[in-house]
Amino acid sequence: MHHFIIGGDESCFMASANGDCRVIGSRNKKKHEKNIADTRASITAYQTGAVGGSQGPTVMLMKGTRKRTGYSNRFLVKHGCCKGSTVIMTDSAFMTTAAWEEMTPCLMIGYRSMPYIVDNPDWWFIEITDGFGPHHNSLSAMEMRANGKCISLKKEGDSNHVNQAYDKFVAKGDKKSACDSLNFLS
């Protein structure tokens, strides 16, 4: 059953255009703001995973109107992302209702390609998201999920990471790998 419960969450990454490695966020800091004058570029990654530990599709939200040549779904899969991963262009590189609607068909393909779900095409599965507005205010996205036999649930606000399947299981490995990689830069 754990393979039929999927969670997802956004992470925003900022990079300095001059190549310097700097910590721009800290858990000790209450509020984080982007300094527009320092040429930082942003990208948001929506990552998914099942409670059973399998990785799901990843969606990269990038600022702009056109995808850079070569940034295709095939490119993402070739470089380690799961089937259903895609790049979505937005005005701000942040999640919007339009981006959520555009990524939903890709997520459904990716979810249906995940271990155990792929072997049971007639079974329904559960997707748990946080209470962020775009995840729940689009009727067309909810209809696409229902047509894909996906029950989309919203976790309770102000609850801890235990209620988010991605954060509880898959993200731990992703975050550990990212921390280990930062040691090489030091």
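All values reported here derive from a predicted model rather than from experimental measurement.

Comments concerning unusual backbone geometry
Part 1: The residue Tyr 116 is not glycine, and still its phi comes out positive at about 75°.
Part 2: By secondary structure assignment, the location of Tyr 116 is in the loop between α2 (97-112) and β5 (125-129).
Part 3: On the basis of relative accessibility, which here comes to 44%, the residue Tyr 116 falls in the partly exposed class.
Part 4: Although it is not a glycine, Lys 149 sits at a positive phi angle of roughly 60°.

Describing the state of the cysteines
Part 1: Here the structure, examined in full by the defined rule, presents zero disulfides.
Part 2: In this structure Cys 82 is not part of a disulfide, and its nearest cysteine sulfur, from Cys 81, lies 7.3 Å away.
Part 3: A relative accessible area of 24% means that Cys 82 is categorised as partly exposed.

Some words on the nonpolar core
Part 1: Judged by nonpolar contacts, the single largest core of 19 residues is most densely connected at Tyr 46, Met 103, Tyr 111 and Phe 125.
Part 2: When residues of this core are traced back to their parent elements, those giving at least two are β2 (40-50), β3 (55-63) and α2.
Part 3: Broken down by element, the residue count for this core peaks at six residues, all from α2.
Part 4: Dropping the residues within four chain positions of it, Tyr 111 is found in contact with Ile 6, Tyr 46, Thr 48, Pro 57, Ile 117, Phe 125 and Glu 127.

Side note on the packing of α2 against helix α3 (residues 139-147)
Part 1: Closest axis-to-axis distance for the α2/α3 pair is 9 Å, and the angle between their directions is 5°. If you check the angle between α2 and α3, you find them roughly parallel. Across from Trp 100, Glu 101, Thr 104, Pro 105, Leu 107 and Met 108 in α2, the residues of α3 making contact are Ser 140, Ala 141, Met 144 and Arg 145.
Part 2: Grouping the amino acids of the contact of α2 with α3 by side-chain chemistry returns six nonpolar, two polar and two charged.

A closer look at the pairing of strand β6 (residues 150-154)
Within a regular strand, side chains alternate between the sheet's two faces.
Part 1: In terms of strand pairing, β5 meets β6 through five bridges, oriented parallel. The residue of β6 that forms the bridge with Thr 129 is Lys 154.
Part 2: With α3 bridging β5 and the parallel β6, this β-α-β connection has right-handed handedness.

Things to note about the pattern of salt bridges
Part 1: Tallying each qualifying case throughout the model produces two salt bridges.
Part 2: Across the pair Lys 149 and Asp 122 runs a salt bridge, and its minimum N-O distance is 3.8 Å. One end of the pair, Lys 149, is in the loop between α3 and β6; the other, Asp 122, is in the loop between α2 and β5, and 27 residues separate them in sequence.
Part 3: Judged by relative accessible area, which is 25%, Lys 149 ranks as partly exposed.
Part 4: Of the residues examined, Asp 122 reaches a relative accessible area of 59% and is grouped as exposed.
Part 5: Notably, a salt bridge pairs Arg 145 with Glu 127, separated by 2.5 Å at the nearest N-O pair. Highlighted residues: Arg 145 in helix α3 and Glu 127 in strand β5, separated in sequence by 18 residues.

What about the packing of aromatic side chains?
Part 1: This structure, assessed with the given rule, holds four aromatic pairs.
Part 2: Seen in terms of ring centroids, Tyr 71 and Phe 75 are 5.6 Å apart; in terms of plane orientation they differ by 25°. Their pairing is stacked.
Part 3: For Phe 75, a relative accessible area of 33% translates into the label partly exposed.

Points about α2
The α-helix advances 3.6 residues per turn, and as a result positions three or four apart in sequence lie on the same side.
Part 1: Taking 1.5 Å of rise per residue, 16 residues should cover 22 Å, and α2 covers 22 Å from first to last C-alpha, within 8% of that figure.
Part 2: Considering bend angle alone, the principal kink of α2 is centred on Thr 104 and spans about 35°; proline Pro 105 follows within four residues of it.
Part 3: Within the span of α2, buried status applies to Ala 99, Trp 100, Met 103, Thr 104, Cys 106, Leu 107, Met 108, Gly 110, Tyr 111 and Arg 112.

About the criteria used
- Residues numbered from 1 in each chain as written.
- Predicted model: local features only at pLDDT ≥ 70, side-chain atom pairs only at ≥ 80, totals over all residues.
- Heavy atoms only, no water.
- Helix = DSSP H or I, 4+ residues; strand = E, 2+ residues; numbered from the N terminus.
- Buried < 20%, exposed > 50% of the residue type's maximum accessible area, 1.4 Å probe, protein only.
- Disulfide = S-S within 2.5 Å.
- Core = buried A, V, L, I, M, F, W, Y, C linked by side-chain atoms within 4.5 Å.
- Contact = heavy atoms within 4.5 Å.
- Axes fitted to C-alpha atoms, helices over the stretch in contact; angles between N-to-C directions.
- Parallel < 35°, antiparallel > 145°, perpendicular 65-115°, else oblique.
- Nonpolar A, V, L, I, M, F, W, Y, C, P; charged D, E, K, R; others polar.
- Pairing = 2+ DSSP bridges.
- Right-handed = clockwise from strand over helix to strand, strands pointing away.
- Salt bridge = Lys/Arg side-chain N within 4 Å of Asp/Glu carboxyl O.
- Phe/Tyr/Trp six-rings, centres within 6.5 Å; stacked < 30°, edge-to-face > 60°.
- Expected span 1.5 Å × (residues − 1).
- Bend = angle between axes of the 7 residues up to and from the residue.

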